[in-house]
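Given next are the chains, with one letter for each unit.
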Amino acid sequence: MANLFHLNISTPKTSVFDGDVQSIVAPAEMGYVGILANHAPFITTLGPGKIVIRDGAGKTEAYPSDSGFLEILDNKATILLDSIEDKA
């Protein structure tokens, strides 16, 4: 079984995703970043693009997103976005 970590994706209006994941790929301002379990503490701004997550079961989902922030701390990832579209 893959190592998992917790992810929460939220906008000012709603919680979009809240669960355990295997990985995240997100559009940071200077290029895409990949996050796996036990990542070092990290914070970055996000630009428009697609957030791709691989959930605990190995299923991949993509979310077209607007700008925001990504924080990794204590094996938990928090993504705060201005807005997000329906899954692609």
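Here goes a summary of the coordinates provided. A quick note: this is a predicted structure, and the numbers were derived from the prediction, not measured.

### Here we look at the nonpolar core
Grouped together as the largest cluster of nonpolar side chains are 20 residues, with contacts concentrated most on L7, I24, I51, I53, L70 and I79. Looking at this core, the elements with two or more residues in it are β1 (5–10), β2 (15–28), β3 (31–36), β5 (49–55), β7 (68–73) and β8 (76–81). No other element matches β2, which puts five residues into this core. Not counting residues up to four positions away in its chain, the partners in contact with L70 are A26, V33, I35, F42, I43, T44, L46, A77, T78 and I79.

### Quick word on the environment of A57
Position of A57 among the secondary structure elements: in the loop between β5 and β6 (60–65). Of the residues examined, A57 reaches a relative accessible area of 75% and is grouped as exposed. Considered as a pair, A57 and A2 are 55 residues apart in the sequence and their alpha carbons are 9.1 Å apart.

The rules behind each value
Residues numbered from 1 in each chain as written. Predicted model: local features only at pLDDT ≥ 70, side-chain atom pairs only at ≥ 80, totals over all residues. Heavy atoms only, no water. Core = buried A, V, L, I, M, F, W, Y, C linked by side-chain atoms within 4.5 Å. Buried < 20%, exposed > 50% of the residue type's maximum accessible area, 1.4 Å probe, protein only. Helix = DSSP H or I, 4+ residues; strand = E, 2+ residues; numbered from the N terminus. Contact = heavy atoms within 4.5 Å.

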